[in-house]
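Each chain, letter by letter, is given below.
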Amino acid sequence: MVIAVDFDGTIVTHEYPKIGKPIPFAIDSLKRLQEVDHHQLILWSVREGALLQEAVDYCHGRGLDFYAVNTNYPEELPENRPNRKVTADLYIDDRNLGGLPDWGIIYQMIHTGNYNKPASLSYEPTKRKTWWEKLFNL
């Protein structure tokens, strides 16, 4: 299966343009999806240029290399694509409806092929603070 994975807010906390803190088990889960379950991973990010390279290097430094980065396959040239959307069977992104589940839940859902929330694993979606909550430290 081809899985497109966002970087900011999904692999690391959202501190764009800086690289945020690692989200627990994100890298380990992605490596397991590649090495054990043999899925192809595409890094799919709004980052471009040097900022994108920083994200790629961050993952590479932790043993995670992607099949492609912001493209459908490694040899694809950005100028030959009709848009920035990559084609994948599954997208993992913190902007999903309901937020980003815990990486253990994400892995289990993909590994088992059960894309419904496992009854034995409950989670609360990650809630982002709104600008006024940040402003007033709520």
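Reference entry: report on the structure contained in this document.

Rules and cut-offs
- Per chain, residue numbering runs from 1 following the sequence as it is written.
- Only residues with pLDDT of 70 or above have their local features reported here, since the model is predicted, and side-chain atom pairs are shown and tallied only from 80 upward, although totals for entire chains, interfaces and linings are computed over all residues.
- Excluding hydrogens and water, the side-chain figures rest on all heavy atoms present in the structure.
- Helix numbers and strand numbers start at the N terminus; a helix is a DSSP run of H or I with at least 4 residues, a strand a run of E with at least 2.
- Only protein chains enter the area calculation, which uses a 1.4 Å probe; residues under 20% of their type maximum are buried, those over 50% are exposed, and those in between are partly exposed.
- Only heavy atoms matter for contacts: two residues are in contact if any of them lie within 4.5 Å across the pair.
- Each accessible area is a Shrake-Rupley result for a 1.4 Å probe, and residues are judged covered by the shown protein chains and nothing else.
- Any two strands between which DSSP finds at least two bridges are classified as paired.
- To obtain each axis, a line is fitted to C-alpha atoms, and for helices this fit is confined to the stretch in contact; angles are then taken between N-to-C directions over 0 to 180 degrees.
- Each angle gets one of four labels, with under 35 degrees taken as roughly parallel, over 145 as roughly antiparallel, 65 to 115 as roughly perpendicular, and the rest as oblique.
- Crossing handedness is defined as follows: a turn of the near helix away from the far one that is anticlockwise and smaller than a right angle gives a left-handed crossing, while the clockwise case is right-handed.
- Ten residue types, Ala, Val, Leu, Ile, Met, Phe, Trp, Tyr, Cys and Pro, are classed as nonpolar, four, Asp, Glu, Lys and Arg, as charged, and the remainder, Gly among them, as polar.
- Call a crossover right-handed when, viewed with both strands pointing away from you, the route from the first strand across the helix to the second goes clockwise.
- Any pair of Phe, Tyr and Trp rings, taking the six-membered ring for Trp, is counted once the centres come within 6.5 Å. Such a pair is stacked with planes under 30 degrees apart, edge-to-face with planes over 60 apart, and tilted for the rest.
- A ring is scored as having a charge over it whenever the NZ atom of a lysine or the CZ atom of an arginine sits within 6 Å of its centre and within 35 degrees of its normal.
- In protein, a polar contact requires one atom able to donate a hydrogen and another able to accept it; more generally it is a pair of N or O atoms within 3.5 Å, and residues adjacent in sequence count only if both atoms are side-chain atoms.
- Residues belong to one nonpolar core when they are buried, are Ala, Val, Leu, Ile, Met, Phe, Trp, Tyr or Cys, and are joined through side-chain atoms within 4.5 Å.

### Points about the overall build of the protein chain
Across its full length, the protein chain carries 4 helices and 4 strands. Secondary structure elements of the protein chain, listed N to C terminal, follow the sequence β-α-β-α-β-β-α-α. When burial is assessed residue by residue, the protein chain has 39% of its 138 residues classed as buried. Taking as baseline every contact in the protein chain between residues at least 6 positions apart, the subset at least 24 positions apart corresponds to 66%. For the protein chain, the accessible area works out to roughly 8,600 Å², and carbon and sulfur atoms hold 56% of it.

### Some thoughts on the sheet that holds strand β4 (residues 90-92)
Whenever strands of a sheet pair, they do so through backbone hydrogen bonds, lying parallel or antiparallel. In spatial order, the strands read β3-β2-β1-β4; together these 4 strands make up an open sheet with parallel pairing. The open sheet is flanked by β3 (68-69) and β4, the only strands paired with a single partner. Sheet topology note: the strand β1 (residues 2-5)/strand β2 (residues 40-43) ladder contains 4 bridges and is parallel. Its bridge partner being in β2, Ala 4 is matched across the sheet by Ile 42.

### Examining the packing of helix α1 (residues 26-35) against helix α3 (residues 103-112)
Across the interface, α1 lies against α3 with an axial gap of 9 Å and an inter-helix angle of 15 degrees. Relative to α3, α1 is oriented roughly parallel. The handedness of the crossing between α1 and α3 comes out as right-handed. Side by side, α1 and α3 meet where Ala 26, Ser 29, Leu 30, Arg 32 and Leu 33 of the first sit next to Trp 103, Tyr 107 and Ile 110 of the second. Residue composition of the contact of α1 with α3, by class: 6 nonpolar, 1 polar and 1 charged.

### What to know about the pairing of β1
The parallel pair β1 and β2 is bridged by α1, and the resulting crossover is right-handed. The pairing of β1 with β4 spans 3 bridges and is parallel. Paired with Ala 4 across the two strands is Tyr 91, which belongs to β4.

### Description of the side chain of His 39
By secondary structure assignment, the location of His 39 is in the loop between α1 and β2. If near-sequence neighbours (up to four positions away) are discounted, His 39 is found in contact with Met 1, Ile 3, Leu 33, Gln 34 and Ile 110.

### Notes on the packing of aromatic side chains
By the definition in use, this model includes 2 aromatic pairs. The ring of Tyr 91 carries Lys 85 above its face, with NZ or CZ at 4.7 Å from the centroid.

### Concerning α3
Those residues of α3 that fall on the buried side of the exposure criterion are Trp 103, Ile 105, Ile 106, Tyr 107, Met 109 and Ile 110. On its buried side, α3 packs onto β1, α1 and β4. Regarding α3, its N-cap is Asp 102, as a side-chain oxygen of that residue lies 2.8 Å from the backbone nitrogen of Gly 104 further along.

### Quick notes on the nonpolar core
Ranked by internal contacts, the top residues of the largest apolar core, which has 25 residues, are Ile 11 and Trp 103. Where this core is concerned, the elements lending two or more residues are β1, α1, β2, α2 (49-60) and α3. Here this core gets 5 residues from one element, more than from any other, and that element is α2. When near neighbours in sequence (up to four residues on either side) are disregarded, Trp 103 contacts Val 5, Thr 10, Ile 23, Pro 24, Phe 25, Ala 26, Ser 29, Leu 30 and Ile 92.

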